Amino acid sequence: DAERLIELAERLYPADAHLQQMLGRSYVQLQQFDRAIACFERALTLAPESPELPQKLLELARMHERLHNLPDARRCAEQSLAAAPQLERARWLLAMIDRRLGDVAAAEATWRSIIDANRAAPIVISDSWYELAAVRDKQQRYDEAYDALCSAKSILTRAAAPQREDAGTIAAVGGRTVAALTA
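Sequence positions are assigned chain by chain, starting from 1 and proceeding in written order. The model is predicted, so local features are restricted to residues of pLDDT at least 70 and side-chain atom pairs to those at 80 or more, both for listing and for counting; the totals for chains, interfaces and linings are taken over all residues. Side-chain descriptors were evaluated using all non-hydrogen atoms of the structure, hydrogens and water having been removed beforehand.

With that settled, consider helix α4 (residues 53–66). Numbering of helices and strands runs from the N terminus; a helix is a DSSP stretch of H or I covering at least four residues, while a strand is a stretch of E covering at least two. To estimate the expected span of a helix, count its residues, drop one, and scale the result by 1.5 Å. Here α4 is 14 residues long and its end C-alpha atoms lie 20 Å apart, about the 20 Å a rise of 1.5 Å per residue gives. Exposure is judged per residue with a 1.4 Å probe applied to protein chains only, and the accessible area is read against the type maximum: over 50% gives exposed, under 20% gives buried, and values in between give partly exposed. Among the 14 residues in α4, ten count as buried, and that is most of the element. Looking only at α4, the buried set comprises P54, K56, L57, L58, E59, L60, A61, M63, H64 and E65.

Right, let's talk about the environment of V124 for a bit. Inspection of the secondary structure puts V124 in helix α8 (residues 122–138). On the basis of relative accessibility, which here comes to 6%, the residue V124 falls in the buried class. Throughout, a contact is declared for two residues whenever any of their heavy atoms are within 4.5 Å. Dropping the residues within four chain positions of it, V124 is found in contact with E88, R89, W92 and I114.

The next subject is the pattern of salt bridges. Pairs can form between side chains of opposite charge whenever their charged atoms are close. Think of a salt bridge as a Lys or Arg side-chain nitrogen and an Asp or Glu carboxyl oxygen that are within 4 Å of each other. This structure, assessed with the given rule, holds 13 salt bridges. Linking R75 and D72 is a salt bridge whose minimum nitrogen-to-oxygen distance equals 3.5 Å. Note that R75 and D72 are positioned in helix α5 (residues 70–83) at a spacing of three residues, about one turn of the helix. For R75, a relative accessible area of 34% translates into the label partly exposed. Salt bridges sharing partners connect three or more residues here, namely E108, R136, R141 and E144.

Here it is as structure tokens:
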């Protein structure tokens, strides 16, 4: 049973930061977020100087946000951003937290700044457009919501172009291979 193996690894190697992080990810897969959080926090305690610190803090912030523990989500996202100011996904998550706490204007300003700066990964910019679309929809500003959705789709379409081309090549080669094998 996978769950028993995870628990055994947790007991046998409680001082291994990398293993604690891996266990945390395993608990996420099992939807056991409280246990995942404990493992991630243990990993951070064991390796506070880890080069992966900002990413670990961001993962921890996401888990707290999923569990509706918004103060801890904010704390972890802010620590992540302090450790890596270029981590735009942390800024995006802080905007999500602001929106959930009722500060839609602050959330909107953050998403706009991510979009306008145009230095984040395409998925983060696209997600910012999607969130703006949701806000506009809720405000019954449907034309603006539609425009925001189109902007998000446009970004993802451009970002996916190389993968679509690769998929087409793979499909063509695969088709020729199947034809050769069945001839």
